[in-house]
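Commentary on secondary and tertiary structure
Each chain is listed here by its residues.
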Amino acid sequence: MIKKCLFPAAGYGTRFLPATKATPKEMLPVLTKPLIQYGVEEAVEAGLNTMAIITGRGKRAIEDHFDISYELEHQIKGTSKEPLLNEIRSLISQCTFSYTRQVEMKGLGHAILTGETLIGNEPFAVILADDLCTSTEDSVLKQMIKVYEKYQCSIVAIEEIPMEDTSKYGVIAGNLVDGTDDTYRVTDMVEKPDPKDAPTNMAIIGRYILTPDIFDILRTTKPGKGGEIQITDALLEQAKQGKVIAYRFKGKRFDCGSVDGFVEATNYFYNKTKG
Ligand code: UTP
């Protein structure tokens, strides 16, 4: 059973400067809820109850968000505003939060390795909160847990992207399994390839289920594209043993790490509230 979810949230969020100078990117709100809260809600919906968050300098607001603010509670108790805290209160009561800092930002793979002390020797989920996912059926992570239960190996969520965008993503190649039209056994993975070098247009988005042997692999993974330790390079080692499944999820993903994606998500959720 997967119970733990890792949230790498140490990145600088430079595409949102100056907003992210003193505010974590993960705390930017889509409507009234910060990005990371959507991620934690998705994890809880998937049945996970232990949130492990990788933070860095200037990210304390994340810890405060998932804690009780006694002064605020006291001020709004019994007023018409009290229900605005219901969702976050309920979330806090359903799960635990632990934190560790990534001292140097050496990439997503390094951030995940930093989480080893919080995860231990068990399979775990990873959510990149700046990829905001929504689905009319099960949440994306819940769909992935079902795939994990069947294949018992690492799972990456994928989406077809325009070929000219391959240089922004990890891209996979693979073969469909078990007569499905959405589940591939991965044969190759490349981090941010030029379109001319990309094996396909199937891009990895910010949802993973990883088996704990990934930590040993990450320990020896050399810096790759951009001089960062890439999770894609570590996953390729598992893929060579046939131990990575790519799953084309049902639902929608917004790249809230970019201004365009963030605005698109905001409009989408706003229109949804207006029915
Ligand atoms: P991104 O590259 O999208 O995030 O990393 P960033 O570096 O914060 O953003 P920009 O490009 O400067 O605008 C994907 C995810 O990995 C985390 C980020 O916080 C983000 O959730 N990350 C990345 C880390 O936790 N540590 C790192 O060293 C790098």
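Refer to the structure above for everything that follows.
Rules used throughout
- Residues numbered from 1 in each chain as written.
- Predicted model: local features only at pLDDT ≥ 70, side-chain atom pairs only at ≥ 80, totals over all residues.
- Heavy atoms only, no water.
- 1 Å grid on protein atoms, 1.4 Å probe; cavity = no way out; pocket = protein on both sides within 12 Å on 5 of 7 lines; lining within 4 Å.
- Points joined across faces, edges and corners; volume = space filled by probe spheres on them.
- Helix = DSSP H or I, 4+ residues; strand = E, 2+ residues; numbered from the N terminus.
- Nonpolar A, V, L, I, M, F, W, Y, C, P; charged D, E, K, R; others polar.
- Near = heavy atom within 4 Å.
- Polar contact = N/O pair within 3.5 Å; in protein donor to acceptor, adjacent residues only side chain to side chain.
- Areas by Shrake-Rupley, 256 points an atom, 1.4 Å probe, with all protein chains shown as cover.
- Sits in = over half its atoms within 2 Å of the grid points.
- Buried < 20%, exposed > 50% of the residue type's maximum accessible area, 1.4 Å probe, protein only.
- Contact = heavy atoms within 4.5 Å.
- Pairing = 2+ DSSP bridges.
- Salt bridge = Lys/Arg side-chain N within 4 Å of Asp/Glu carboxyl O.
- Phe/Tyr/Trp six-rings, centres within 6.5 Å; stacked < 30°, edge-to-face > 60°.

Notes on the layout of surface pockets
A water-sized probe, rolled over the atoms, reveals where empty space remains. Volume-wise, the largest pocket comes out at about 1000 Å³. Those elements that place two or more of their residues in the lining of the largest pocket are helix H5 (108–114), strand S11 (202–210), helix H9 (231–240) and strand S13 (252–255). Taken together, the residues of the lining of the largest pocket break down into 14 nonpolar, ten polar and eleven charged.

Structural notes on the site of the ligand
Taken together, 17 residues lie near the ligand, and Gly13, Thr14, Arg15, Gln102 and Gly107 sit nearest. Gly13 places a polar main-chain atom, nitrogen or oxygen, 2.8 Å from an oxygen atom of the ligand. Backbone polar atom of Arg15 to an oxygen atom of the ligand: 2.8 Å apart, as the coordinates give it. Isolated, the ligand exposes 570 Å² of accessible area, and the fraction of that covered by the protein chains is 82%. The pocket occupied by the ligand, as judged from atoms lying within 2 Å of grid points, is the largest pocket. Its residues placed into classes, the shell around the ligand shows seven nonpolar, five polar and five charged.

Side note on unusual backbone geometry
Glycine aside, negative phi is the norm for most residues, and most peptide bonds take the trans geometry. The residue after Leu17, namely Pro18, is reached through a cis peptide bond having omega 5°. Note on placement: Pro18 falls in the loop between strand S1 (4–8) and strand S2 (29–30). With a phi angle near 45°, Lys192 is a residue other than glycine that sits in the positive phi range.

A closer look at the environment of Gly257
Tracing the backbone through its elements, the reader meets Gly257 in the loop between S13 and helix H10 (259–273). Overall, Gly257 belongs to the buried group, its relative accessible area being 2%. Separated by 242 residues in the primary sequence, Gly257 and Arg15 place their C-alpha atoms 7.2 Å from one another. Here Gly257 is in contact with Arg15, Phe16, Lys25 and Asp130, once residues within four sequence places are set aside.

A few points about the pairing of strand S12 (residues 244–248)
Burial runs high along S12: four of the five residues are buried. Sheet topology places strand S8 (residues 154–160) next to S12; five bridges connect them, and they run parallel. Note on S12: the bridge partner recorded for Ala157 is Tyr247. For strand S10 (residues 183–191) and S12, the ladder comprises three bridges, and the chain directions are antiparallel. Bridge assignment links Arg185 to a residue of S12, and that residue is Ile245.

Here's the deal with the pattern of salt bridges
Across all of its chains, the model carries 22 salt bridges by this definition. The salt bridge involving Asp165 is made with Lys168; its shortest N-O contact spans 3.5 Å. Between Lys196 and Asp194 there is a salt bridge; the shortest N-O distance is 3.6 Å. Lys196 gets classed as exposed once you look at its relative accessible area, which sits at 69%. The exposure class assigned to Asp194 is partly exposed, which follows from its relative accessible area of 37%. Through salt bridges with shared partners, a single ionic network connects Lys33, Glu41 and Glu87.

Observations regarding helix H1 (residues 35–45)
In terms of burial, H1 is a largely internal element, nine of the eleven residues being buried. Taken together, the buried positions of H1 are occupied by Leu35, Ile36, Gln37, Tyr38, Gly39, Val40, Glu42, Ala43 and Val44. Of the residues flanking the end of H1, it is Gly47, one or two places downstream, whose phi is positive at about 95°.

Section: the packing of aromatic side chains
Counted under the stated rule, the structure contains seven aromatic pairs. Ring plane angle 0° and centroid distance 5.2 Å describe the contact between Phe124 and Phe215, whose orientation is recorded as stacked. With Phe124 in strand S6 (residues 124–127) and Phe215 in helix H8 (residues 213–219), this pair connects stretches of sequence that are 91 residues apart. The two residues Phe124 and Phe215 agree in class, both being buried. Pairing Phe254 with Tyr268 gives two aromatic rings, centres 5.1 Å apart and planes at 50°, and the pair type is tilted.

Spatial relationships are all this shows, so hold off on functional conclusions.
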